[in-house]
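# Residue-level structural notes
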Amino acid sequence: MLLSRFFIPILKENPKEAQIASHVLMLRAGLCQQSASGIYSWLPLGKIILDKITDICKNEMLLAGANEILMPTLQPAEIWKESGRYEDYGKEMLRIKDRNDRDLLYGPTNEELVTDIFRTHVKSYKELPLNLFHIQWKFRDELRPRFGVMRGREFLMKDAYSFDIDYESSIISYNKMFIAYMNLFKKMGLKAIPMKADTGPIGGDLSHEFIIIAETGESEVYLEKELLSFEGILDKVDYDSNLQDIVNKYTSFYAATDEKHDPKAYKKDLNNLIKSRGIEVGHIFHFGQKYSKPMQANINTNIGSNIPAYMGSYGVGLSRLVGAVIEANHDEKGIIWPKELTPWYYNLINLKNGDDDCDNICYDLYNKIKSMSKTVLYDDTMDRAGSKLAKADLIGIPFQIIIGPRGINDKIFDLKDRKNGEIQKLSYDELINFISTN
Ligand code: ATP
Ligand code: MG
């Protein structure tokens with residue numbers, strides 16, 4: 001990609017409305033733009049990252065055996081009246097009337113709608129277990145939208161829903177999602193920590209939140225130190241195997257959000273317990289028959305008929321993750337994309353655009369990198385050298401290849417690692433060799 005052809009409206013000044021680093025950087029590096037309080041347009045760089053996060057999440061759901069569907073953003077009020085949540089949900093729910101005076105709402109979550117789909121089609125235990133997921137915009141009229149996309153009003157969520165014949169099998173479905181979550185966050189280059197959590201208005205008896213430790217996080221959390229370095233997840237998970245042991249390993253550590261924190265429940269040395277802050281990027285719930293019973297989503301089993309299905313629901317905050325990833329990966333100069341999510345691997349910077357020698361060598365490298373099937377953003381703009389270098393640090397691509405007249409004379413090329421700032425001085429062959437092996 002040529003930077004001169006890429007729509008990336010960079011802001012020179014820190015925007016006044018942004019309080020935390022990720023929000024500042026998302027606006028400054030042109031990832032998104034606010035259209036109304038808590039509602040954002042996604043600009044090209046933001047959209048690329050959002051799509052990468054979405055793809056990783058979606059692929060893990062498919063690996064775990066879930067079926068992708070797509071439910072609408074607008075839902076009829078009737079099904080929410082059936083479950084009893086229409087009144088309970090309060091002002092966070094955006095309620096709308098159509099031209100025929102029918103009550104609609106913009107979905108804040110989809111338990112009712114997916115239960116309605118399920119009860120229409122599934123009647124027998126032979127069709128279970130079933131997990132249906134979708135990736136769709138949600139709307140919650142949050143009291144205090146803030147921190148950019150982290151607490152928006154409109155936000156993108158992956159939500160999955162499991163249906164089982166009894167309690168035991170629904171725990172198997174829950175465990176699959178627990179492990180899938182550990183895996184998908186890892187594939188995004190993130191360390192998410194599962195914590196015992198409150199079930200809130202979704203209801204139910206078993207629930208975990210997945211938290212990324214960050215000072216600016218909205219949740220107060222308590223965890224055992226060892227969890228921060230614990231690497232329990234397998235690279236290749238067989239989702240059909242018994243996952244209880246791995247789940248047990250994770251949950252054997254103490255980790256809880258403040259609503260669930262109980263120091264008396266921690267039997268070991270209290271010095272091992274740390275209080276921190278975190279960003280909730282995922283939340284899973286097991287709630288049994290809470291929705292299937294009032295909505296009569298019944299199945300016939302070999303022990304009886306018309307037994308309400310056992311359900312769980314599983315959410316990942318995809319748009320919030322863009323902010324969370326930046327919160328976990330930045331410095332005072334800008335974003336530092338983890339390799340797993342970066343839009344390009346190399347940022348080729350021509351410090352003197354218009355100089356024949358610089359232009360020739362840059363185009364040669366640009367084409368060569370692409371021919372090696374590596375991704376590259378080429379800064380071919382007419383900006384000053386200083387501003388190009390600052391922009392590259394702001395955008396945060398892992399490696400910068402910096403080309404200027406001095407280097408060309410000496411046949412030396414600067415390769416900068418964005419993460420630690422180190423610059424290697426390489427010959428042309430060494431540079432090509434580096435690119436072909438990284
Ligand atoms: P929170 O406690 O942060 O309000 P929640 O518990 O209400 O979130 P869930 O219903 O569990 O959220 O939704 C699943 C996921 O969707 C959350 O883990 C979070 O990552 C994301 N999410 C929830 N609310 C928002 C929001 N207002 N803006 C962006 N993402 C959100
Ligand atoms: Mg939650």
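Structure shown above.
A brief report on the enclosed structure follows. (Residues numbered from 1 in each chain as written. Chains lettered and ligands numbered in written order. Predicted model: local features only at pLDDT ≥ 70, side-chain atom pairs only at ≥ 80, totals over all residues. Heavy atoms only, no water.)

## Topic: the overall build of the chain
The secondary structure content of the chain amounts to 12 helices and 23 strands. Relative to the globule expectation of 22 Å for 438 residues, the C-alpha radius of gyration of the chain, 25 Å, shows essentially globular dimensions. For the chain, the spread of C-alpha atoms along the principal axes amounts to about 85 × 60 × 40 Å. Considering only intrachain contacts with a sequence separation of at least 6, the fraction spanning at least 24 residues in the chain is 72%. Accessible surface, the chain as shown: approximately 20,300 Å² in total, 49% of it carbon and sulfur. Positive and negative side-chain charges of the chain, numbering 56 and 62 respectively, have mean locations separated by a distance of 2 Å. (Helix = DSSP H or I, 4+ residues; strand = E, 2+ residues; numbered from the N terminus. Rg over C-alpha atoms; globule rule 2.2 N^0.38 Å. Contact = heavy atoms within 4.5 Å. Areas by Shrake-Rupley, 256 points an atom, 1.4 Å probe, with all protein chains shown as cover. Lys, Arg positive; Asp, Glu negative; His and termini not counted. Charge placed at Lys NZ, Arg CZ, Asp CG, Glu CD.)

## Concerning the sheet that holds strand β21 (residues 399-403)
Taken together, 5 strands build an open sheet; the order of strands is β20-β19-β21-β22-β23 and the sheet is mixed. Strands at the two margins of the open sheet, each flanked by one partner only, are β20 (376-379) and β23 (423-426). Taken pair by pair, the neighbouring strands of this sheet meet at an average axis angle of 20 degrees, ignoring direction. Alignment of strand β19 (residues 346-350) against β20, held across 4 bridges, turns out to be parallel. The partner of Leu348 across the bridge, within β20, is Tyr378. Lying over the sheet, helix α12 (residues 428-437) contacts β19, β21, β22 (413-417) and β23, oriented at roughly 125 degrees with respect to β23. (Pairing = 2+ DSSP bridges. Axes fitted to C-alpha atoms, helices over the stretch in contact; angles between N-to-C directions.)

## Quick word on the site of ligand 1
Near ligand 1 lie 15 residues; those nearest to it are Arg140, Glu142, Arg151, Gly152 and Glu280. Side-chain polar atom of Arg151 to an oxygen atom of ligand 1: 2.7 Å apart, as the coordinates give it. Computed on the free molecule, ligand 1 has an accessible area of 580 Å², of which 85% lies beneath the protein chains in the complex. Residue composition of the shell around ligand 1, by class: 6 nonpolar, 4 polar and 5 charged. (Near = heavy atom within 4 Å. Polar contact = N/O pair within 3.5 Å; in protein donor to acceptor, adjacent residues only side chain to side chain. Nonpolar A, V, L, I, M, F, W, Y, C, P; charged D, E, K, R; others polar.)

## Comments concerning the pattern of salt bridges
The full count for this structure, using the stated rule, is 23 salt bridges. One salt bridge connects Arg119 with Glu82, and the closest N-O pair in it is separated by 2.7 Å. Placement of Arg119 in helix α5 (residues 111-121) and of Glu82 in helix α3 (residues 77-83) is noted, with a sequence separation of 37 residues between them. In this structure, Lys416 engages Asp393 in a salt bridge whose closest nitrogen and oxygen atoms are separated by 3.1 Å. Here Asp393 lies in helix α10 (residues 385-395) and Lys416 lies in strand β22, a separation of 23 residues in the sequence. (Salt bridge = Lys/Arg side-chain N within 4 Å of Asp/Glu carboxyl O.)

## Observations concerning the coordination of the magnesium ion (ligand 2)
Every protein donor of the magnesium ion (ligand 2) is listed here as Glu280 (OE) and His283 (ND1), and their distances to the metal cover 2.1 to 2.3 Å. Take His283: its relative accessible area is 11%, and that puts it in the buried class. (Donors = N, O, S within 2.8 Å, 3.2 Å for Na, K, Ca; no water. Buried < 20%, exposed > 50% of the residue type's maximum accessible area, 1.4 Å probe, protein only.)

## Observations concerning the environment of Pro343
Position of Pro343 relative to the elements: it lies in the loop between β18 (334-335) and β19. Overall, Pro343 belongs to the buried group, its relative accessible area being 8%. Here the alpha-carbon distance between Pro343 and Ile48, two residues 295 residues apart in the chain, equals 6.6 Å.

## Focus on the packing of helix α6 (residues 167-187) against helix α7 (residues 244-251)
Where α6 contacts α7, the two axes come as close as 10 Å, and the packing angle between them is 65 degrees. Read as a crossing pair, α6 and α7 show a hand that is left-handed. Between α6 and α7, the contacting residues are Ile171, Asn175, Phe178, Ile179 and Met182 on the first element and Gln244, Ile246, Val247, Tyr250 and Thr251 on the second. Tallied by class, residues from the contact of α6 with α7 come to 7 nonpolar, 3 polar and no charged. (Left-handed = near helix turned anticlockwise from the far one by under 90°.)

## Side note on the packing of aromatic side chains
A full pass over the atoms with the stated rule returns 21 aromatic pairs. Judged by centre distance (5.5 Å) and plane angle (70 degrees), the rings of Tyr345 and Tyr346 are edge-to-face. With respect to burial, Tyr345 and Tyr346 carry one shared label: buried. In textbook terms, an aromatic cluster arises when at least three aromatic residues are bridged by ring pairs, as seen for Phe178, Tyr181, Phe185, Phe210, Phe230, Tyr250 and Phe253. (Phe/Tyr/Trp six-rings, centres within 6.5 Å; stacked < 30°, edge-to-face > 60°.)

## Things to note about the environment of Lys425
Structurally, Lys425 is set in strand β23. Residues Lys425 and Phe413, spaced 12 residues apart in sequence, show a C-alpha to C-alpha distance of 5.6 Å. Excluding anything up to four places from it in sequence, Lys425 contacts Ile412, Phe413, Asp414 and Glu430. Here the side chain of Lys425 touches Asp414 through a polar contact of 2.9 Å, side chain to side chain.

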